[in-house]
Protein chains: 2
Amino acid sequence: MRHDFKKKSKVLLIDDNYEHLVGIRELLNLEGTFDVVGIATTVTVGLNLIKKYQPDIVLLDMNMPDKDGLQGIIEISKLDMGTKVLALSGYDDADLIFRAMKIGAKGYVLKTMASAQLIYAIEEVLNGKIYLPLALSSRFFEYFQQSFREEIAKQDSNEENLLSYLTQREEEVLELLTQGVTYKGVAGKLFISETTVKTHVNNIFQKLQVNDRTQAVLYAINNGFLTKKGVLTGR
Amino acid sequence: MRHDFKKKSKVLLIDDNYEHLVGIRELLNLEGTFDVVGIATTVTVGLNLIKKYQPDIVLLDMNMPDKDGLQGIIEISKLDMGTKVLALSGYDDADLIFRAMKIGAKGYVLKTMASAQLIYAIEEVLNGKIYLPLALSSRFFEYFQQSFREEIAKQDSNEENLLSYLTQREEEVLELLTQGVTYKGVAGKLFISETTVKTHVNNIFQKLQVNDRTQAVLYAINNGFLTKKGVLTGR
DNA sequence: CTTTTTATAGACCATTCGGTCTAAATCCTA
DNA sequence: TAGGATTTAGACCGAATGGTCTATAAAAAG
């Protein structure tokens, strides 16, 4: 399903570089299928224009003087108007790309890109797709995998993961501990005596080599206990 | 920099469907630039072949009988031989794609794809790149953004986040609590009396509406306290 | 220049938690 | 079936934690 042909798509531009701003506006106007409803050189002004004109898409420069471009994306999405954000930047900073995509940008393009590519990116995003140039998506994936590397290393290391020494029952107890339940509470939920819970908990401490419940909970969280349980699925 | 021309790249195939396995082998042999050093119909056998032949790349079917394909990726990377994994699957399951990429797959291709595309994907991965067909990378990004949506929602909701009521000092104390430090420990680290720490902690409990330190720590973790502090950056 | 907030700290007490020891019933395995 | 692991549970004690109240000095807000 391609986007609506009858109405021109409403576009809003936010960039602190006025020359660039006007340049893009001219480019989009020449294209004929876009209606640039507003331009802004600050995020704050841009947000007000978005509220007023309800554009379909916003081209947002990541390097803004008044506010962080990332914060801009968050605030636009908080308006909850379904406005799509295409991030613009001069640099192919992997971390920036990752964070922009993470908080909901529909695409990320470099200012150095050919104008035809920019047009294409805008159209793709308007059609509900996500646009990342090949080079940037590579950077993205590298960063993505890197950021999960340590996390994975912990979870898959069956040999070093002290959690694997826990018995079934101890896991159940630990799971309740990670929900902030007290001895009494655990006893009630598992239908066993409070003393028994204490015994289990003490054994857990021994196995995880910690001294108190807080440390046990932290160990569990930092070593994939919850993700294994499916409590935090999707992460 | 393209990959080495002098030596053929060593490829290993793991797929429980023998017909498919042989088909791909023929395809790669015909291509002439690949050396299929082994084929396996189970992950376990595949792992042994990898140890023996040290292939440059492994084409790994995600839908295996003996072990999960995801587990296969993890175990291959645990061999720590730099073996690249190209995931094969019959379905474009967003969750599966996401998880495969998360744990380090260098690419993901559908079995229904044209053989020329498969060849291309293998070459890209061998050249150190990451290959995802456009359609799949869209699915990936959708899933990616979806999985971070709730997390973001919490962190940016300044209005509902009880953490914002904490004073500077209380935040410092809470940060130490999230490291499993005791009253005595906090007192020592902040150079204040133990009583003072208790006062702060009690105030924190009031503000976060919890009853004990474990619950406070859990609230902090679940509401972006650590990520704001930059402790878990990159996530 | 007041008022409020924040940071500090003590006293007191009840509750919870953690450590250790013992022990019985059950389950699993060799 | 004998031995080991698991789950259950009690007793006892000291240490840590949580609740409440009061109070002072400094800092921030008005």
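The residue count restarts for each chain, going from 1 along the sequence in the order it is written. Naming scheme: in the order in which they are written, chains are lettered from A and ligands are numbered from 1. Whole-chain, interface and lining totals are the exception, using all residues; otherwise, since this is a predicted model, local features are given only for residues with pLDDT of at least 70 and side-chain atom pairs are given and counted only at 80 or more. Excluding hydrogens and water, the side-chain figures rest on all heavy atoms present in the structure.

Undergrad: Give a detailed account of the nonpolar core, specifying residues and quantitative values.
TA: Throughout this description, the term nonpolar core refers to a set of buried Ala, Val, Leu, Ile, Met, Phe, Trp, Tyr and Cys residues connected via side-chain atoms within 4.5 Å. Here the term buried applies to any residue with accessible area under 20% of the maximum for its type, exposed to any over 50%, and partly exposed to those in between, with areas from a 1.4 Å probe on protein chains only. Grouped together as the largest cluster of nonpolar side chains are 88 residues, with contacts concentrated most on A:Leu59, A:Tyr108, A:Phe140, B:Tyr108, B:Phe140 and B:Phe144. Put simply, DSSP marks the helices as runs of H or I at least four residues long and the strands as runs of E at least two long, and each gets a number from the N terminus on. Counting residues per element, this core draws most heavily on helix H5 (residues 115–126) of chain A, which supplies six residues. The contact definition used throughout considers only heavy atoms, calling two residues in contact when any of these lie within 4.5 Å. Apart from residues no more than four positions distant in its own chain, A:Phe140 is found in contact with A:Ile97, A:Phe98, A:Met101, A:Leu132, B:Phe140, B:Phe141 and B:Phe144.

Undergrad: Outline the relation of the copies chain A and chain B, listing residues and values.
TA: To line up the copies, we fit them by least squares on C-alpha atoms, keeping just the residues with pLDDT of at least 70 in both. For the pair chain A and chain B, the superposition axis carries a translation of 0.2 Å, the fit reaches an RMSD of 0.3 Å, and the rotation angle comes to 180°. Taken together, the rotation and translation describe the operation of a two-fold axis. Within chain A, A:Thr214 has its C-alpha nearest the rotation axis, a separation of 2.7 Å. The overlap is high: 97% of the interface residues of chain A also sit at the interface in chain B, so the same surface is used on both sides.

Undergrad: Could you give an account of the sheet that holds strand S1 (residues 9–14) of chain B, naming the residues involved and the relevant values?
TA: Residue and element names in this part refer to chain B. Sheet architecture is open: five strands sit in the order S2-S1-S3-S4-S5, paired in parallel fashion. At either end of the open sheet lies a strand with only one pairing partner, and these are strand S2 (34–40) and strand S5 (107–110). Strand after strand, the sheet turns through a mean of 25° between neighbouring axes, direction not considered. Direction of pairing for S1 relative to S2: parallel, over a ladder of six bridges. Residue Leu-13 lies in a different strand from S2, and its bridge partner there is Ile-39. Along the sheet face, helix H2 (residues 43–53) touches S1, S2 and strand S3 (57–61) and points at about 165° away from the line of S1. Any two strands with at least two DSSP-identified bridges between them are counted as paired. Under this scheme, a helix contributes an axis fitted over its contacting stretch, all axes are lines through C-alpha atoms, and angles between N-to-C directions fall in the 0 to 180 degree range.

Undergrad: With reference to specific residues and values, describe the packing of helix H7 (residues 168–177) of chain A against helix H9 (residues 194–208) of chain A.
TA: Residues and elements named next belong to chain A. For the pair H7 and H9, interaxial distance at closest approach is 10 Å and the crossing angle is 90°. As far as their axial angle goes, H9 and H7 are roughly perpendicular. Contacts from Arg-169, Glu-170, Val-173, Leu-174 and Leu-177 in H7 reach Val-197, His-200, Val-201, Asn-203, Ile-204, Lys-207 and Leu-208 in H9. Throughout this description, any angle smaller than 35 degrees is read as roughly parallel, any larger than 145 degrees as roughly antiparallel, any in the 65 to 115 degree range as roughly perpendicular, and the remainder as oblique.

Undergrad: Give me unusual backbone geometry: which residues, what numbers.
TA: Peptide bonds are, in most cases, trans, and in most cases residues other than glycine have a negative phi. The phi torsion at A:Gln209 lies on the positive side, around 55°, for a residue other than glycine. Positive phi values are uncommon outside glycine, yet B:Gln54 reaches one of about 45°. Here B:Gln54 is to be found in the loop between H2 and S3.

Undergrad: With reference to specific residues and values, describe the pairing of S1(B).
TA: Residue and element names in this part refer to chain B. The element S1 is extensively covered by neighbouring structure, given that five of its six residues are classed as buried. Orient the strands so they point away from the viewer, and a crossover whose first-strand-to-second-strand path over the helix runs clockwise is right-handed. Each parallel crossover has a hand, and the one from S1 via helix H1 (residues 18–31) to S2 is right-handed. The pairing of S1 with S3 spans four bridges and is classified as parallel. What sits directly across from Leu-13, in S3, is Leu-59.

Undergrad: Can you lay out the environment of B:Gly38 for me, pointing to particular residues and giving the numbers?
TA: All names here are of chain B. You can see Gly-38 is positioned in strand S2. When the C-alpha atoms of Gly-38 and Met-101 are compared, they prove to be 24 Å apart, with 63 residues separating the residues in sequence. Setting aside residues up to four positions removed in sequence, Gly-38 forms contacts with Val-11, Leu-12 and Leu-13.

Undergrad: Explain the interface of chain A and chain B to me, and be specific about the residues and the numbers.
TA: Facing 38 residues of chain A, the contacting portion of chain B comprises 37 residues. We define buried area as the total accessible area lost by two parts upon association, computed with a 1.4 Å probe and summed across both. Of the roughly 3500 Å² buried at the junction of chain A and chain B (both faces included), carbon and sulfur atoms supply 59%. A carboxyl oxygen of Asp or Glu within 4 Å of a side-chain nitrogen of Lys or Arg is what we treat as a salt bridge. In this assembly, chain A and chain B are joined by zero salt bridges. Whenever a nitrogen or oxygen atom comes within 3.5 Å of another N or O atom, the pair is scored as a polar contact, on the condition that within protein one atom can donate a hydrogen and the other can accept it, and that pairs from neighbouring residues in sequence are kept only if both atoms are in side chains. Our count for the chain A to chain B interface comes out at six residue pairs in polar contact (both at pLDDT 80 or more). Elements that contribute at least two residues to the side of chain A that touches chain B include exactly helix H3 (69–78), helix H4 (94–102), helix H6 (134–156) and helix H10 (213–222) of chain A. Here the side of chain A that touches chain B takes 11 residues from H6(A), the largest share from any one element. Gly is put with the polar residues, along with every residue not named as nonpolar or charged; the nonpolar set is Ala, Val, Leu, Ile, Met, Phe, Trp, Tyr, Cys and Pro, and the charged set is Asp, Glu, Lys and Arg. In terms of residue class, the side of chain A that touches chain B is made up of 17 nonpolar, 11 polar and 10 charged.

Undergrad: Quick one: what's the story with the confidence of the model for chain A, residue by residue and with numbers?
TA: All names here are of chain A. With 89% of its residues at a pLDDT of 70 or more, chain A shows a mean pLDDT of 87. Per-element averaging of pLDDT across chain A places helix H11 (residues 225–229) at the bottom with 68 and strand S3 (residues 57–61) at the top with 96. Confidence drops under a pLDDT of 50 for residues 230–235, and excluding neighbours within four residues, the segment shows 13 contacts in the predicted structure. pLDDT is a residue-level measure of predictor confidence that goes from 0 to 100.

Undergrad: For the sheet that holds strand S4 (residues 84–89) of chain A, give the residues involved together with the corresponding values.
TA: Residues and elements named next belong to chain A. A sheet is described by the order of its strands in space; here five strands give the open sequence S2-S1-S3-S4-S5, paired in parallel fashion. Bordering the open sheet on either side are strand S2 (34–40) and strand S5 (107–110), each of which pairs with just one other strand. For this sheet, the mean inter-axis angle between neighbouring strands, taken without regard to orientation, is 25°.

Undergrad: I'd like a rundown of the protein's contact with DNA strand C, residues and numbers included.
TA: Any residue with a heavy atom lying within 4 Å of a molecule or strand is counted as near it. Taken together, 18 residues lie around DNA strand C, and A:Arg213, B:Thr167, B:Ser193, B:Thr195 and B:His200 are the ones closest in. Near the protein, within 4 Å, the atoms of DNA strand C are sugar or phosphate in 67% of cases. Between A:Asn211 and DNA strand C, the recorded distance is 3.5 Å, taken from a backbone N or O atom to a sugar or linking oxygen. Taking B:Thr196, its side chain carries an N or O atom lying 2.9 Å from a phosphate oxygen of DNA strand C. At five residues, helix H9 (residues 194–208) of chain B tops the list of elements feeding residues into the surface near DNA strand C. When grouped by side-chain class, the residues that make up the surface near DNA strand C number three nonpolar, nine polar and six charged.

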